[in-house]
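Here is how the chains run, residue by residue.
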Amino acid sequence: MTESRTSAAATTAPATAPAATSAAGPGGLCAGRVVAVTGAGRGLGRAHALAFAAEGARVVVNDLGVGPDGAPASESPAARVVAEIRAAGGEAVAHGGDIATSQGAASLVAAAVDTFGRLDTLVNNAGFLRDRMLVNLAEDDWDAVVRVHLKGHFLPLQQAAAYWRAEAKAGRTPVARVVNTSSGAGLLGSVGQGNYSAAKAGILGLTLVAAAETGRYGVQVNAIAPAARTRMTAATFADTMAAPEDGAFDAMDPANVSPLVVWLGSGAASDGVSGRVFEVEAGRITVMEGWRPGPTVDKAERWTPAAAGEATRDLLARATPPGVVYGAS
């Protein structure tokens, strides 16, 4: 998963696209759909792009090719993914816009519309890490990670939602889908990743609001919290992320995550599948249930601090214990 920075979009000649399918048809589950995937040059994003193309989608592959910490690089992994898709008989175009800027996010939507005639699905995936303990976390490292993860979700989502709202108001209500990428770090927290955990938790809140606000325009918005082998996890969790040497099921292969993403991004994910969060890892899919009221007490008058403390201890004794923060001893 990588950050995208520049604002130029690489496009081909505009093409007139057939109407998006709402279920599996000739060519796959996403036949006729146009999908934009951010951070799609490597890891999870690449796996998503290839999986969508295999199901008949035309794909906008967004990536700049920066390092795991967001530092600039000279290569173009997006172009390689586009070449892979085209070699397999699919259609794709590379996009190098900075999706954490309004101009770059707008150019992402424009790349889809100008090249393929429309946009049906947005997969927000781009990101990088700058891990530090809180007492050592520089303000620039906080800003950089929050910028590409959280702002890099908000701006493409905003631009896509504006496009879909205009389509709906013109009488062309879309079958539109957004899949955001959170993390277990956003659900539980992760030691040494205060910036990353905060950004990923923010993505969950953004997902809920976007689902509620855009449903009237034919948009469904969901989020995943994946676990897979990427440049961001391979070094930190080397033992658990390593591929098996005996040919056994590779549980941490990023491609294991993509089938759910493809389904959520297809027209088949109908009947109000929106505003939900899914953990997905290896062959396991879990619906996350989020914050819900637990034990409560109402005195019907103001508490004293001591009484409030006593009541709170009783409530905590009856409450479900929280999950353990990743990396906590």
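Below is a short write-up of the structure. Sequence order as written defines the numbering, with residues in each chain counted from 1. Restriction of local features to residues with pLDDT of at least 70 applies here, the model being predicted, together with a cutoff of 80 or more for giving and counting side-chain atom pairs; totals for whole chains, interfaces and linings are based on all residues. Side-chain descriptors were evaluated using all non-hydrogen atoms of the structure, hydrogens and water having been removed beforehand.

## Examining the overall build of the chain
In step 1: Within the chain, the regular secondary structure consists of nine helices and eight strands.
In step 2: Accessibility here uses a 1.4 Å probe with only protein chains present; expressed as a share of the type maximum, an area under 20% marks a residue as buried, one over 50% as exposed, and anything in between as partly exposed. Within the span of the chain, comprising 329 residues, buried residues form 47% of the whole.
In step 3: In this analysis, two residues are considered to be in contact whenever any of their non-hydrogen atoms come within 4.5 Å of each other. Excluding contacts between residues fewer than 6 apart, the proportion of contacts in the chain whose partners are at least 24 apart in sequence is 73%. Where helices and strands are cited, they refer to DSSP runs of H or I of at least four residues and of E of at least two residues respectively, numbered from the N terminus.

## Quick word on the side chain of Ser107
In step 1: Mapping Ser107 onto the fold places it in helix α3 (residues 102–116).
In step 2: As used in this structure description, the phrase polar contact means that two N or O atoms lie within 3.5 Å; if the pair is within protein, one of them must be able to donate a hydrogen and the other to accept it, and residues adjacent in sequence are counted only when both atoms belong to side chains. Among the polar contacts listed, one links the side chain of Ser107 to the side chain of His95, at a separation of 2.8 Å.

## What to know about the pairing of strand β8 (residues 284–288)
Note on strand geometry: in a regular strand, side chains alternate between the two faces of the sheet.
In step 1: Two elements, strand β7 (residues 277–281) and β8, share five bridges in a ladder whose sense is antiparallel. Across the sheet, the residue bridging to Val280 is Ile285, located in β8.
In step 2: For two strands to count as paired, DSSP must find a minimum of two bridges between them. Hairpin connection between β7 and β8: a loop of two residues separates the two successive antiparallel strands, and Ala282 in this loop has a positive phi of roughly 55 degrees.

## A word on helix α2 (residues 77–87)
In step 1: All of the buried residues in α2 are Pro77, Ala78, Val81, Val82 and Ile85. Projected down its long axis, α2 carries its buried residues within an arc of 145 degrees, all on one side.
In step 2: Of the surrounding elements, those touching the buried residues of α2 are α1 (43–54), β2 (58–62) and β3 (92–95).
In step 3: Immediately beyond the C-terminal end of α2, within one or two residues, lies Gly89, with a positive phi of roughly 95 degrees. It is the directions from the helix axis to the C-beta atoms whose arc is reported.

## Digging into the sheet that holds β7
In step 1: The eight strands are arranged β3-β2-β1-β4-β5-β6-β7-β8 in an open sheet whose pairing can be described as mixed. Each edge of the open sheet is held by one strand with a lone partner, namely β3 and β8. Averaged over all pairs of adjacent strands, the angle between strand axes in this sheet comes to 20 degrees, irrespective of strand direction.
In step 2: All axes here are fitted lines through C-alpha atoms, helices being fitted over the stretch that makes contact, and every angle between N-to-C directions spans 0 to 180 degrees. Relative to the sheet, helix α4 (residues 139–169) contacts β4 (121–123), β5 (176–181) and β6 (219–227), its axis offset from that of β5 by approximately 175 degrees.
In step 3: Set on the sheet, helix α6 (residues 194–214) makes contact with β5, β6 and β7; between it and β6 the angle comes to about 160 degrees.

## What to know about the nonpolar core
In step 1: The criterion is simple. A nonpolar core is a set of buried Ala, Val, Leu, Ile, Met, Phe, Trp, Tyr and Cys residues joined through side-chain atoms within 4.5 Å. Residues Phe52, Val59, Val61, Ile85 and Ile224 are the most contacted members of the largest nonpolar core, which totals 30 residues.
In step 2: Secondary structure elements with two or more residues in this core: β1 (34–37), α1, β2, α2, β3, α8 (258–264) and β7.
In step 3: Ignoring anything within four residues of it in the chain, the contact list for Val61 reads Val37, Ala40, Ala49, Ala78, Val81, Val82, Ile85, Ala92, Val93, Ala94 and His95.
In step 4: Judged by nonpolar contacts, the second largest core, of 26 residues, contains Leu108, Leu157, Val178 and Val221.

## Some points on the environment of Gly32
In step 1: Within the fold, Gly32 resides in the segment before β1.
In step 2: Judged by relative accessible area, which is 14%, Gly32 ranks as buried.

## A few points about α1
In step 1: Here a helix's expected span is defined as the number of its residues, less one, multiplied by 1.5 Å. The end-to-end C-alpha distance of α1, which contains twelve residues, comes to 17 Å, matching closely the 16 Å that a straight helix rising 1.5 Å per residue would cover.
In step 2: Those residues of α1 that fall on the buried side of the exposure criterion are Leu44, Gly45, Ala47, His48, Ala49, Phe52 and Ala53.
In step 3: Here the buried face of α1 lies against β1, β2, α2, β4, β6 and α8.
In step 4: Backbone geometry just after α1 places Gly56 at a positive phi near 95 degrees.

## Observations regarding the pattern of salt bridges
In step 1: For this analysis, a salt bridge means a side-chain nitrogen from Lys or Arg found within 4 Å of a carboxyl oxygen belonging to Asp or Glu. Counted according to the given criterion, the structure contains nine salt bridges.
In step 2: One connected set of salt bridges, linked through shared partners, spans Glu279, Glu281 and Arg284.

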